[in-house]
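# Residue-level structure breakdown
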Amino acid sequence: MQTRQVLVVDWSANSRPKRGADSIWISDAFGWSANPSTRTEAMQLIQERTCEGEWIVAFDFPMGIPFGVGDFHDWRAFWRTVSSGLRDERNNQNNRWELAALLNHEHNARFWGVPRALPHLSSKREHEAGDWEWRVGDPRGAQSAWKLLGVGSVGSQMLTGIAHLERWRRQDPASFSVWPFEPPEARIVVAETWPSHPVFALAQ
């Protein structure tokens, strides 16, 4: 059996090209790394790196929203809607705020956090804290997938990231699986990671 190689991606939802701190970093277990300035460049590098062999590609954003919130019947419906609604230009300009507002309005999502409030998207959390914020597998200390802006936020990374992953998945669905939603049997298995979790920190 061929050993799977692992690629880890620290994603970013920046609205302009950026390298260095708070940008995209990609690395594997053999010392190869890259710091592309845009998401388009990052996806090109990731696909080139994983074009042969079996891979686990781990991204540091949620692969989905909490179950039971919104009117999406499964993760595929959410992925398709995000991918079709997100515009992400080659210079990182994107419409993630407008997309989040649309998801709130048309699909009963609960995104919040934006520089300036929009119709159907507030700058602060409007719903009372509760189980709706968290997924079943979220560890203590994880940020809510609904939070789009601010320290530790992951919602914007999720929207931009899932859009790119869905477009990648469509190129060859038989060679692509998303764990834990699908069995990790495809040539490329995409999963979620949390490098700053204490378990990972202790292992370093």
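So, here's what we can say about the structure.

What counts, and where the lines are drawn
- Residues numbered from 1 in each chain as written.
- Predicted model: local features only at pLDDT ≥ 70, side-chain atom pairs only at ≥ 80, totals over all residues.
- Heavy atoms only, no water.
- Helix = DSSP H or I, 4+ residues; strand = E, 2+ residues; numbered from the N terminus.
- Rg over C-alpha atoms; globule rule 2.2 N^0.38 Å.
- Buried < 20%, exposed > 50% of the residue type's maximum accessible area, 1.4 Å probe, protein only.
- Contact = heavy atoms within 4.5 Å.
- Areas by Shrake-Rupley, 256 points an atom, 1.4 Å probe, with all protein chains shown as cover.
- Lys, Arg positive; Asp, Glu negative; His and termini not counted.
- Charge placed at Lys NZ, Arg CZ, Asp CG, Glu CD.
- Axes fitted to C-alpha atoms, helices over the stretch in contact; angles between N-to-C directions.
- Parallel < 35°, antiparallel > 145°, perpendicular 65-115°, else oblique.
- Nonpolar A, V, L, I, M, F, W, Y, C, P; charged D, E, K, R; others polar.
- Pairing = 2+ DSSP bridges.
- Expected span 1.5 Å × (residues − 1).
- Core = buried A, V, L, I, M, F, W, Y, C linked by side-chain atoms within 4.5 Å.

Moving on: the overall build of the protein chain. Across its full length, the protein chain carries five helices and six strands. Walking the protein chain from its N terminus toward its C terminus, one meets helices and strands in the order β-β-β-α-β-α-α-α-β-β-α. Its C-alpha atoms give the protein chain a radius of gyration of 17 Å, within 12% of the compact-globule value 17 Å for 204 residues. Counting across all 204 residues of the protein chain, residues that qualify as buried make up 47%. The long-range share in the protein chain, meaning contacts at least 24 apart out of those at least 6 apart in sequence, stands at 57%. Entry remark: accessible area of the protein chain is about 11100 Å², with carbon and sulfur atoms responsible for 52%. Distance between charge centres in the protein chain, computed from 22 positive and 24 negative side chains, equals 5 Å.

This part covers the packing of helix α2 (residues 75–85) against helix α4 (residues 155–171). Close contact between α2 and α4 brings their axes to 8 Å; oriented N to C, the two are set at 100°. Relative to α4, the element α2 lies roughly perpendicular. Contacts between α2 and α4 involve W75, F78, W79, R80, V82 and S83 on the former and, on the latter, M158, L159, I162, A163, L165, E166, R167, R169 and R170. Taken together, the residues of the contact of α2 with α4 sort by class into nine nonpolar, one polar and five charged.

Within the open sheet, the six strands sit side by side as β3-β2-β1-β4-β6-β5. Their pairing is mixed. Since the sheet does not close on itself, it has two edges, and those belong to β3 (33–34) and β5 (176–178), each with one partner. Looking at chain direction, strand β2 (residues 25–28) and β3 are connected through two bridges and run antiparallel. Its bridge partner lying in β3, I26 is registered against A34. Each of β1 (5–10), β2, β3 and β4 (55–59) touches helix α1 (residues 39–49); the most contacted strand, β2, lies at about 10° to it.

It is worth spelling out the environment of V8 at this point. Residue position: V8 is located in strand β1. For V8 and V190, which are 182 residues apart along the polypeptide, the C-alpha to C-alpha distance reads 10.0 Å. Contact partners of V8, with chain neighbours within four places excluded, come to W25, I26, S27, A58 and T193.

The end-to-end C-alpha separation of α4 is 25 Å, in line with the 24 Å expected for 17 residues at 1.5 Å each. Within α4, 14 of the 17 residues are buried, which leaves the element mostly enclosed by the surrounding structure.

The next point concerns the nonpolar core. The nonpolar side chains of a soluble globular protein tend to be buried with one another. By size, the foremost hydrophobic cluster in this structure holds 46 residues, and its most contacted members are V57, F59, F78 and F111. Elements supplying a minimum of two residues to this core: β1, α1, β4, α2, α3 (96–107), α4, β5 and β6 (188–192). Excluding residues that lie within four positions of it along the chain, V57 makes contacts with L7, V9, I46, T50, W168, I188, V189, V190 and A191.

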